[in-house]
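Architecture at a glance
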There are 2 protein chains.
Amino acid sequence: MKSTSGDSTTINIPESRNKTVAKGETPYVRIQAAHPMHDQKGGWKKGISIFDFILRLGATAAALGAAIAMGSSEQTLPFFTQFFQFQASYDDLPTFMFFVIGMGIVGAYLVLSLPFSIVTIVRPHAVAPRLLLLIFDTLALTLNTSCAASAAAIVYLAHNGNSDANWLAICQQFGDFCQQSSGAVVSAFVAVVIFVILILMSASALRKV
Amino acid sequence: MKSTSGDSTTINIPESRNKTVAKGETPYVRIQAAHPMHDQKGGWKKGISIFDFILRLGATAAALGAAIAMGSSEQTLPFFTQFFQFQASYDDLPTFMFFVIGMGIVGAYLVLSLPFSIVTIVRPHAVAPRLLLLIFDTLALTLNTSCAASAAAIVYLAHNGNSDANWLAICQQFGDFCQQSSGAVVSAFVAVVIFVILILMSASALRKV
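Residues numbered from 1 in each chain as written. Chains lettered and ligands numbered in written order. Predicted model: local features only at pLDDT ≥ 70, side-chain atom pairs only at ≥ 80, totals over all residues. Heavy atoms only, no water.

We count it as follows: UniProt positions are given in the numbering used here, feature names are shortened, and annotations may be inferred rather than shown by experiment.
Going by an unreviewed UniProt entry, chain A carries the name CASP-like protein and comes from Prunus dulcis. Under the heading Subcellular location (unreviewed entry), UniProt records this for chain A: "Cell membrane". If you open the UniProt record of chain A and go to Sequence similarities (unreviewed entry), you find "Belongs to the Casparian strip membrane proteins (CASP) family."

Shown next, in the form of structure tokens:
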């Protein structure tokens, strides 16, 4: 920026925006005028941050709950043959193992993301923590959705079977196991919905208004 | 900001920044200086928009390709009994039907989103079309990931079977069918990766710098 300096003897006639500053006055520019609007925007963003934190707590509960429910799903049938005991547990099915590990990772990420969410409450205008949360939320959403959807496909198969592929429904024998894994899948989908809301809120808070 | 004011006779020694504006001078501030940077930012956003459009074309191809590959997967075994002909097609498995419908919806959405992507190229600073794309991209990502992951779970089961649940691998008989559905799943995951990149790019273009 440059300012041209006039001589003290000549009289400059400013044509454009300089008219307001008369000769001999002390010119100063009020840049305070923007502040009330700025504060208002900050309040709105702070509200989003607080809501983000609460939703994040809910998602943490849903994700960890899903992982624990699936991880503890186990059922042993009360009858057994000489060679074999009928038992179902989550590690019989690779998809359910993927579910437990994936939802554990998502839950751990959510716990670790809570401090960053607090940072956005304290400093509503900071762009970096919000963008960081948005990036990792998107990745966690993908992992969470894969876990939930693949487990849902297997749970559906366990409930209904498939006559064309000659896969029998195992839920007739292992009712409790199926119930528990179905509950875990529902809980994982709750976490998916919360993640979508979190991402949309972060994006709307990031945009310049 | 510094302004040097040279009088021809006196030498001003500016102490604070207000002092530089001497009595009788015409002070004016160039606020034009911000404009080139603004344009530069616009160019950067325009680049992101163009890249967004190209990636969106790729995601459209991947999604529609996945839907068509899965939808046309069909195999009839060359031997048959008196009552039964061995045939496998995508509509034998509900998960594969969900895949075809879901990926069709995602592909249709991607085609419809192309004009909005062009709008962001023409007007790089417009917030509304970008935010709209981000919201629907997030929803489409969720649908796309569910389709891909649930079909992957079933394809894995078809390849490997599960001895604990007594589900046999059907890929030994229906090799071509499995190959084609596996290809469709891979293509769907390519679309998932592109969606994640699209969302992250939209978010970084939305943020105020």
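**Description of the overall build of chain A**
In plain terms, the rule: Each helix corresponds to a stretch of at least 4 residues labelled H or I by DSSP, and each strand to a stretch of at least 2 residues labelled E; elements are numbered beginning at the N terminus. Three exposure classes are used, based on accessible area relative to the maximum for each residue type with a 1.4 Å probe and protein chains only: buried under 20%, partly exposed in between, and exposed over 50%. Note on contacts: a residue pair is in contact if any heavy atoms of the two residues lie within 4.5 Å. With residues, only the protein chains shown are counted as cover, and all accessible areas are computed by Shrake-Rupley using a 1.4 Å probe.
Broken down by element type, chain A carries 4 helices and 2 strands. Taken from the N to the C terminus, the helices and strands of chain A come in the order α-β-β-α-α-α. Counting across all 209 residues of chain A, residues that qualify as buried make up 44%. Taking contacts inside chain A between residues at least 6 apart in sequence as the whole, the part at least 24 apart equals 77%. Of the roughly 11,200 Å² that chain A leaves accessible, carbon and sulfur atoms contribute 65%.

**Focus: the pattern of salt bridges**
Residue and element names in this part refer to chain A. Spelled out, the test is: In what follows, salt bridge is the name for a side-chain nitrogen of Lys or Arg lying within 4 Å of a carboxyl oxygen of Asp or Glu.
For the coordinates displayed, the defined rule picks out 4 salt bridges over all chains. For the salt bridge of Arg-56 with Asp-137, the shortest nitrogen-to-oxygen distance reads 2.9 Å. With Arg-56 in helix H1 (residues 35–71) and Asp-137 in helix H3 (residues 128–160), this residue pair connects regions lying 81 residues apart in the sequence. The same class applies to Arg-56 as to Asp-137, namely buried. One network of salt bridges, in which partners are shared, links Asp-52, Arg-56 and Asp-137.

**Thoughts on the packing of helix H2 (residues 94–122) of chain A against helix H4 (residues 175–206) of chain A**
Residue and element names in this part refer to chain A. Which entries qualify depends on this criterion: As a rule, the C-alpha atoms of each element are fitted with a line to give its axis, helices using only the stretch in contact, and angles between N-to-C directions run from 0 to 180 degrees. Should the near helix be turned anticlockwise from the far one by less than a right angle, the crossing is left-handed, and should it be turned clockwise, the crossing is right-handed. Just so you know the grouping, Ala, Val, Leu, Ile, Met, Phe, Trp, Tyr, Cys and Pro go in nonpolar, Asp, Glu, Lys and Arg go in charged, and all remaining residues, Gly too, go in polar.
Running from amino to carboxyl end, H2 crosses H4 at an angle of 40°, the nearest separation of the two axes being 12 Å. Considering only the axes of H2 and H4, their crossing is left-handed. Of the residues in H4, those in contact with Phe-96, Phe-99, Met-103, Val-106, Tyr-109 and Leu-110 of H2 are Phe-177, Ser-181, Ala-184, Val-185, Ala-188 and Phe-195. A class-by-class count of the residues in the contact of H2 with H4 yields 11 nonpolar, 1 polar and no charged.

**Notes on the UniProt feature "transmembrane region" (unreviewed entry) in chain A**
Residues and elements named next belong to chain A. In this structure's numbering, the residues bearing the UniProt feature "transmembrane region" (unreviewed entry) are residues 53–73, 93–119, 131–158 and 184–206. Along residues 131–158 the backbone is 100% helical and 0% strand, and the end-to-end C-alpha distance reaches 40 Å. Secondary structure over residues 184–206 splits into 100% helix and 0% strand, and the C-alpha atoms at its two ends are 33 Å apart.

**Some words on the side chain of Ser-146 of chain B**
Here is the rule we go by: Residues adjacent in sequence count toward polar contacts only when both atoms are side-chain atoms; beyond that, a polar contact is any pair of N or O atoms within 3.5 Å, and within protein one must be able to donate a hydrogen and the other to accept it.
With respect to the helices and strands, the residue Ser-146 of chain B is situated in helix H3 (residues 128–160). A polar contact of 2.5 Å, which involves the side chain of Ser-146 of chain B, links it to the backbone oxygen of Thr-142 of chain B. Once residues within four sequence positions are removed from consideration, Ser-146 of chain B is found in contact with Thr-145 and Ala-149 of chain A together with Phe-98 of chain B.

**Regarding the environment of Pro-78 of chain B**
The residue Pro-78 of chain B is located in strand E1 (residues 74–80) in this model. Classification of Pro-78 of chain B by relative accessible area gives exposed; the value is 72%.

**What to know about the state of the cysteines**
Threshold: Here, the term disulfide refers to a pair of cysteine sulfur atoms separated by no more than 2.5 Å.
Under the defined criterion, the tally for this structure stands at 2 disulfides over all chains. Put simply, Cys-171 of chain A and Cys-178 of chain A are joined by a disulfide, and their sulfur atoms are 1.8 Å apart. Judged by the torsion about the S-S bond (-85°), the Cys-171 of chain A/Cys-178 of chain A disulfide is left-handed. This pair shows no difference in class: Cys-171 of chain A is buried, exactly as Cys-178 of chain A is. Looking at the unpaired Cys-147 of chain A, the closest cysteine sulfur is the one in Cys-147 of chain B, lying at 16 Å. Classification of Cys-147 of chain A by relative accessible area gives buried; the value is 0%.

**Brief notes about the environment of Leu-200 of chain A**
With respect to the secondary-structure elements, Leu-200 of chain A resides in helix H4. By relative accessible area, which is 23% here, Leu-200 of chain A ends up partly exposed. Sequence separation between Leu-200 of chain A and Gln-173 of chain A is 27 residues, and the spatial gap between their C-alpha atoms is 43 Å. When sequence neighbours within four positions are dropped, the list of residues in contact with Leu-200 of chain A reads Leu-134, Ile-135 and Thr-138 of chain B.

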